[in-house]
Amino acid sequence: MAARIVNRLNWMSRRFYAAAVDSSKMTLAEKEAAESKHAESTMKTWKNVSIFVAVPAILICAYNAWVKEKEHHTHPRPEFLEYAHLRIRNKAFPWGDGNHSLFHNPHANALPEGYEDEDH
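Note that the structure is predicted; figures quoted are calculated from it, not measured. (Residues numbered from 1 in each chain as written. Predicted model: local features only at pLDDT ≥ 70, side-chain atom pairs only at ≥ 80, totals over all residues. Heavy atoms only, no water.)

Student: Got a minute to help me understand the overall build of the chain in this structure?
Tutor: Of the regular secondary structure elements, the chain holds two helices and zero strands. When the 120 residues of the chain are sorted by exposure, 8% land in the buried category. When contacts within the chain are restricted to residue pairs at least 6 apart in sequence, long-range pairs at least 24 apart make up 35% of them. Per element, the accessible surface of the chain, about 10900 Å² overall, is 62% carbon and sulfur. (Helix = DSSP H or I, 4+ residues; strand = E, 2+ residues; numbered from the N terminus. Buried < 20%, exposed > 50% of the residue type's maximum accessible area, 1.4 Å probe, protein only. Contact = heavy atoms within 4.5 Å. Areas by Shrake-Rupley, 256 points an atom, 1.4 Å probe, with all protein chains shown as cover.)

Student: Got a minute to help me understand unusual backbone geometry in this structure?
Tutor: Peptide bonds are mostly trans, and most non-glycine residues show a negative phi. One non-glycine residue, Arg-87, adopts positive backbone phi at about 55°. Along the chain, the position of Arg-87 falls in the segment after α2 (28-72).

Student: Any chance you could explain the pattern of salt bridges here in plain terms?
Tutor: Note that side chains of opposite charge can pair when their charged atoms are close. Applying the stated criterion to the full structure yields one salt bridge. Close ionic contact of Lys-44 with Glu-40 constitutes a salt bridge, the shortest N to O distance being 3.5 Å. Highlighted residues: Lys-44 and Glu-40, both in helix α2, separated by four residues, approximately one helical turn. Lys-44 gets classed as partly exposed once you look at its relative accessible area, which sits at 48%. (Salt bridge = Lys/Arg side-chain N within 4 Å of Asp/Glu carboxyl O.)

Student: Mind showing me how you'd approach the packing of aromatic side chains here?
Tutor: Centre distance and the angle of the planes are the two values used to describe a pair of aromatic rings. A full pass over the atoms with the stated rule returns three aromatic pairs. Taking the centre distance of 6.2 Å and the plane angle of 40° together, the rings of Tyr-63 and Trp-66 count as tilted. With Tyr-63 and Trp-66 both in helix α2, this residue pair falls three residues apart, about one helical turn. You'll find Tyr-63 and Trp-66 in the same group, each marked exposed. Directly above the ring of Tyr-115 sits Arg-77, whose terminal nitrogen or CZ lies 3.8 Å from the centroid. (Phe/Tyr/Trp six-rings, centres within 6.5 Å; stacked < 30°, edge-to-face > 60°. Lys NZ or Arg CZ within 6 Å of the ring centre and 35° of its normal.)

Student: I tried to follow a nonpolar patch on the surface on my own but got confused; where do I start?
Tutor: Taken together, the side chains of Trp-46, Val-49, Ile-51, Phe-52 and Val-53 present a nonpolar region at the surface, about 530 Å² in accessible area. Here Ile-51 shows up in helix α2. Under the relative-accessibility criterion, Ile-51 is labelled partly exposed at 42%. (Patch = residues over 30% accessible without salt bridge, like charges linked within 9 Å, V, L, I, M, F, W, Y side chains within 5 Å.)

Student: Honestly, the UniProt feature "transmembrane region" (unreviewed entry) in the chain in this entry has me stumped. Any pointers?
Tutor: The residues that UniProt annotates with the feature "transmembrane region" (unreviewed entry) are residues 49-67. Between the C-alpha atoms that bound residues 49-67 the distance is 26 Å, and the span itself is 100% helix and 0% strand. (UniProt positions renumbered as here; feature names shortened; annotations may be inferred.)

Student: Whenever I open this one, a negative patch on the surface confuses me. Can you help?
Tutor: Side chains of Glu-82, Asp-97, Glu-113 and Glu-116 sit close together on the surface and give a patch of like negative charge. Mapped onto the fold, Asp-97 is located in the segment after α2. Here Asp-97 falls in the exposed class, since its relative accessible area comes to 55%. (Lys, Arg positive; Asp, Glu negative; His and termini not counted. Charge placed at Lys NZ, Arg CZ, Asp CG, Glu CD.)

Student: Hey, could you run me through the environment of Asn-105 in this one?
Tutor: Within the secondary structure, Asn-105 is located in the segment after α2. Taking the relative accessible area as the measure of exposure, Asn-105 reaches 36% and is therefore partly exposed. Measuring from C-alpha to C-alpha, the distance between Asn-105 and Tyr-115 comes to 9.7 Å, with ten residues separating the pair along the chain.

Next comes the structure, spelled out in structure tokens:
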């Protein structure tokens, strides 16, 4: 039963495409003209999608990121609490003084003793 349905759908799709463009009876120039017409309409469609969907989506995402980053900088830094299970240094880092991580930020990342710049 399922095979019969699939065969029927295949037959219908072949008839649809054959009716749309019967390329067996077309000359080379006619085929190229039909392909060019199709390419032009496809190009217009994707150009419109890019202009009216992609560009506004990028602008909305950029605005959202800007607002979230602005909100992020208005919050004060959390108070330093010395927990025994955090910021453990069993072995020094192989760069610098051995106490700072590779991407250390003195304002955001605390050392085992506390923040470096306590004035903020």
